[in-house]
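Listed here are the chains, written in short residue letters.
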2 protein chains.
Amino acid sequence: LGGKSITIASMAKGAGMIGPNMATMLALVLTDAAIAPADAQKMLTEVADESFNCISVEGHTSTNDTLLLLASGAAGGPPLAGAQLRPFQRVLQEVCIELACQIPADGEGATHLIAIEVTGCASRDDARCIAQTIANSPLVKTAVLGGDPNWGRIVSAAGYAEVPFDPREVNLRVNGHLLYEHGAPVKFDAPTVSRAIKENHETKIALSVGRGPGACRFWTSDLTVEYVRFNADYST
Amino acid sequence: LGGKSITIASMAKGAGMIGPNMATMLALVLTDAAIAPADAQKMLTEVADESFNCISVEGHTSTNDTLLLLASGAAGGPPLAGAQLRPFQRVLQEVCIELACQIPADGEGATHLIAIEVTGCASRDDARCIAQTIANSPLVKTAVLGGDPNWGRIVSAAGYAEVPFDPREVNLRVNGHLLYEHGAPVKFDAPTVSRAIKENHETKIALSVGRGPGACRFWTSDLTVEYVRFNADYST
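The notes below deal with the structure included here.

1. Considerations on the interface of chain A and chain B
Right, on to step 1. On the chain B side, the residues contacting the 32 residues of chain A number 32 residues.
Right, on to step 2. Interface area for chain A against chain B, summed over the two sides, is near 2,600 Å², with a carbon-plus-sulfur share of 62%.
Right, on to step 3. Linking chain A with chain B are zero salt bridges, by the criterion used here.
Right, on to step 4. For the pair chain A and chain B, the number of links is two residue pairs in polar contact (both at pLDDT 80 or more).
Right, on to step 5. Of all the secondary-structure elements, those providing two or more residues to the side of chain A that touches chain B are α4 (138–145), α5 (151–159) and α7 (225–233) of chain A.
Right, on to step 6. At six residues, α7 of chain A tops the list of elements feeding residues into the side of chain A that touches chain B.
Right, on to step 7. Tallied by class, the residues present in the side of chain A that touches chain B amount to 13 nonpolar, 14 polar and five charged.

2. Examining α5 of chain A
Right, on to step 1. Listing the buried residues of α5 of chain A in full gives Arg153, Ile154, Val155, Ser156, Ala157 and Ala158 of chain A.
Right, on to step 2. Those residues of α5 of chain A that are buried are in contact with α3 (124–135), α4, β5 (171–174), β6 (177–181) and β8 (202–208) of chain A together with α7 (225–233) of chain B.

3. Topic: the pairing of β5 of chain A
All names here are of chain A.
Right, on to step 1. The alternating pattern of β5 places Leu172 and Val174 on a buried face and Asn171 and Arg173 on a face that is not buried.
Right, on to step 2. Here β5 runs beside β8; their pairing, made up of four bridges, is antiparallel. Bridge pairing in β8 links asparagine 171 to serine 208.
Right, on to step 3. Taken together, the three bridges between β5 and β6 define a ladder with antiparallel strand orientation. Residue pairing across strands places leucine 172 opposite tyrosine 180, the latter belonging to β6.
Right, on to step 4. Here β5 folds back onto β6 in antiparallel fashion, the turn holding two residues, of which asparagine 175 has a positive phi close to 50 degrees.

4. Notes on the relation of the copies chain A and chain B
Right, on to step 1. Turning chain A through 180 degrees and shifting it by 0.0 Å along the axis lays it on chain B, with an RMSD of 0.0 Å. This pairing of chains is accounted for by a two-fold axis. Residue valine 225 of chain A of chain A places its C-alpha closer to the rotation axis than any other residue of that unit, at 2.5 Å.
Right, on to step 2. Same-surface contact between copies: 100% of interface residues of chain A are shared with the interface of chain B.

5. So, the side chain of serine 156 of chain A
All names here are of chain A.
Right, on to step 1. Tracing the backbone shows serine 156 in helix α5.
Right, on to step 2. Residue serine 156 is classed as buried on the basis of its relative accessible area of 8%.
Right, on to step 3. One polar contact links the side chain of serine 156 to the main-chain carbonyl oxygen of glycine 152, over a distance of 2.7 Å.

6. A closer look at the pattern of salt bridges
Think of it this way: side chains of opposite charge can pair up when their charged atoms draw near.
Right, on to step 1. In total, this model carries eight salt bridges over all chains according to the counting rule given.
Right, on to step 2. Linking aspartate 166 of chain A and arginine 168 of chain A is a salt bridge whose minimum nitrogen-to-oxygen distance equals 2.9 Å.
Right, on to step 3. We note a salt bridge from glutamate 169 of chain B to arginine 211 of chain B, for which the minimum N-O separation is 3.3 Å. Here arginine 211 of chain B lies in the loop between β8 (202–208) and β9 (212–221) and glutamate 169 of chain B lies in the loop between α5 (151–159) and β5 (171–174), a separation of 42 residues in the sequence.
Right, on to step 4. The exposed category is assigned to arginine 211 of chain B, whose relative accessible area is 76%.

7. So, the sheet that holds strand β6 (residues 177–181) of chain B
Residue and element names in this part refer to chain B.
Right, on to step 1. Pairing is mixed in the open sheet, where six strands are placed in the order β7-β6-β5-β8-β4-β9. For this open sheet the edge positions go to β7 (184–185) and β9, each flanked by a neighbour on one side alone.
Right, on to step 2. Docked against the sheet, helix α3 (residues 124–135) engages β4 (113–120), β8 and β9, running at close to 25 degrees with respect to β9.

8. A few points about the sheet that holds strand β9 (residues 212–221) of chain A
Residues and elements named next belong to chain A.
Right, on to step 1. With respect to topology, six strands assemble into an open sheet ordered β7-β6-β5-β8-β4-β9, the strand pairing being mixed. If you trace the sheet from one side to the other, it starts and ends with β7 (184–185) and β9, each paired once.
Right, on to step 2. Strands in contact with helix α2 (residues 85–105) are β4 (113–120) and β9; relative to β9, the strand with the most contacts, it is inclined by about 45 degrees.

9. Side note on the environment of cysteine 129 of chain A
Residue and element names in this part refer to chain A.
Right, on to step 1. Looking at where cysteine 129 falls in the secondary structure, it is placed in helix α3.
Right, on to step 2. Of the residues examined, cysteine 129 reaches a relative accessible area of 30% and is grouped as partly exposed.
Right, on to step 3. The spacing of cysteine 129 and phenylalanine 88 is 41 residues in sequence and 28 Å in space, taken between C-alpha atoms.
Right, on to step 4. Contact partners of cysteine 129, with chain neighbours within four places excluded, come to Ala161 and Val163.

10. Section: a nonpolar patch on the surface
Right, on to step 1. A cluster of nonpolar side chains, contributed by Met11, Leu30, Leu68 and Leu70 of chain B, occupies part of the molecular surface with about 330 Å² of accessible area.
Right, on to step 2. Owing to a relative accessible area of 42%, leucine 70 of chain B belongs among the partly exposed residues under this scheme.

11. A closer look at the packing of helix α4 (residues 138–145) of chain B against α5 of chain B
Residue and element names in this part refer to chain B.
Right, on to step 1. Following both chains from N to C, one finds α4 and α5 inclined at 160 degrees, their axes separated by 9 Å at the closest point. By the angle between their axes, α4 is roughly antiparallel relative to α5. In terms of crossing hand, the pair formed by α4 and α5 is left-handed. Residues Leu139, Val140, Thr142 and Ala143 of α4 touch α5, and the partners they reach there are Arg153, Ile154 and Ala157.
Right, on to step 2. Per-class residue counts for the contact of α4 with α5 are five nonpolar, one polar and one charged.

12. Thoughts on α3 of chain B
All names here are of chain B.
Right, on to step 1. Here α3 is 12 residues long and its end C-alpha atoms lie 16 Å apart, about the 16 Å a rise of 1.5 Å per residue gives.
Right, on to step 2. Restricting attention to buried positions, one finds in α3 the residues Ala127, Arg128, Ile130, Ala131, Thr133, Ile134 and Ala135.
Right, on to step 3. Against α1 (37–50), β4, α4, α5, β8 and β9 lie the buried residues of α3.
Right, on to step 4. Two or three places before aspartate 125, at the opening of α3, serine 123 has a side-chain oxygen 3.4 Å from that residue's backbone nitrogen.

13. As for the pairing of β8 of chain B
Right, on to step 1. Pairing of β4 of chain B with β8 of chain B, which is carried by seven bridges, proceeds in the parallel orientation. Residue leucine 113 of chain B lies in a different strand from β8 of chain B, and its bridge partner there is glutamate 202 of chain B.

Parameters at a glance
In this numbering scheme, every chain counts its residues from 1 along its sequence in written order. Whichever chain is written first becomes A and whichever ligand is written first becomes 1, with later ones labelled in order. Only residues with pLDDT of at least 70 are given local features in this predicted model, and only at 80 or more are side-chain atom pairs given and counted; all residues enter the totals for whole chains, interfaces and linings. Think of the side-chain values as coming from all heavy atoms in the structure, minus any hydrogens and water. In this analysis, two residues are considered to be in contact whenever any of their non-hydrogen atoms come within 4.5 Å of each other. Here's the idea: put two parts together, see how much 1.4 Å probe accessible area each one loses, and the total over both is what we call buried area. Throughout this description, the term salt bridge denotes a Lys or Arg side-chain nitrogen within 4 Å of a carboxyl oxygen of Asp or Glu. A 3.5 Å cut-off defines polar contacts: any pair of N or O atoms within that distance qualifies, except that in protein one atom must be a possible hydrogen donor and the other a possible acceptor, and neighbouring residues in sequence count only when both atoms are side-chain atoms. Helix numbering and strand numbering both begin at the N terminus, where a helix is a DSSP run of H or I of at least 4 residues and a strand a DSSP run of E of at least 2. Following the grouping adopted for this structure description, the nonpolar residues are Ala, Val, Leu, Ile, Met, Phe, Trp, Tyr, Cys and Pro, the charged ones are Asp, Glu, Lys and Arg, and the polar ones are all others, Gly among them. Three exposure classes are used, based on accessible area relative to the maximum for each residue type with a 1.4 Å probe and protein chains only: buried under 20%, partly exposed in between, and exposed over 50%. For two strands to pair, DSSP has to find at least two bridges joining them. What sets the superposition is a least-squares fit of C-alpha atoms, and only residues with pLDDT of at least 70 in both copies go into it. An axis is simply a line fitted to the C-alpha atoms; with a helix, the fit covers only the stretch in contact. Between two such axes, the angle follows the N-to-C directions and lies from 0 to 180 degrees. Surface patches are drawn from residues lacking salt bridges whose relative accessible area is over 30%; two like charges belong together within 9 Å, two nonpolar side chains (Val, Leu, Ile, Met, Phe, Trp, Tyr) within 5 Å. Exposure was quantified through the Shrake-Rupley algorithm and a 1.4 Å probe, taking into account, for residues, occlusion by the shown protein chains and nothing else. Roughly parallel covers angles under 35 degrees, roughly antiparallel covers those over 145, roughly perpendicular covers 65 to 115, and oblique covers all other angles. By definition, turning the near helix anticlockwise from the far helix through less than a right angle yields a left-handed crossing, and turning it clockwise yields a right-handed one. Take the number of residues in a helix, subtract one, and multiply by 1.5 Å to get its expected span.

By themselves, these are just geometric observations and shouldn't be taken as functional.
The following block contains the structure:
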């Protein structure tokens, strides 16, 4: 950018008491770019909303979260400005999403990272509300643990998110396999989809609920026996 | 009532996919009272809001719930009216709360019924929102399973319910033991409170957050290894 090579480094700590609005989490992003504080804050706030505020482990929001961006300016030159900010923010978002996803992937007792993409809503807020409701359903989380392609648990969680949609417009794919189309389950090879869930660390849930432009990606952990044991046995 | 002896009988079926707005639940209340349909519907709606809509197992709202009140009039006399409706509704509410509580008490894998009472809010809606947020926290549920008098998990769940309150006004009792007062933990005998949780099937959480008139009671299950096993192994 502006003839300078710029580096971004980052680190975060998880991985229980994780719910949106951040988490019991310390995340730190370092760069040698020169950035004015107001620009850095604005970019980080927007990026956090697409990354650290779109993850959960069990959905219990913590009292103390920190995401810091430190920009030393050691790369040289004047602070990034104008059109230079956009490519920086794009890479900053990639870094923050990658780091945020590592938290539920490494969640207490987790065996799967669950990546939920909701599309076709009227707004991003609507899509986020549906995605977060699916993410925080213990029935969805245990279905993924068990390798169960349980479209009913996913679609019904979407249904109680309090976002209106036309059920006939709902389509669902799990790890690329179509399970549900135009509001009804389709014939699919359950053992194949089950194997696709069991054999991959990441389970992709793609739900579309209409034709609107609103979309959101949200990431969570599955719910396991080890999560329960850890949090029942751990005393303060 | 009106010189007649009136009987109420009831039954319900649970006990997974239980979240407010009813549940995968069939509940039926029978009475030989004579009641006009409009009065019966109004009473049942009000009572459901204090009973079946204040329970959860894992918080996943089901697509299909039914609560019916059948009034045969076999007790004789004209339909209950005016001042007679209030005592009938009071008993109907007792019956429905008793029946509703049996659902999380018998929830999938549950070892504890958790009874949460939130008081001191500006409104019942505020109190219900806090109570439901505490009820649906997997960290609170696993703390009860483990007999852990973990005030931090309960108070922090109240804190993310998005209902404003003054933290200095917060008091918390678990099974009658004061754990937290005026916004800070107090000295208490942790082994005694832990034993009180472990040795009772019901755990009572009483949280006051201010001096307002709004209060709500909400009931849920603890979260156990058996819940996870059941819902991971159960396939559709």
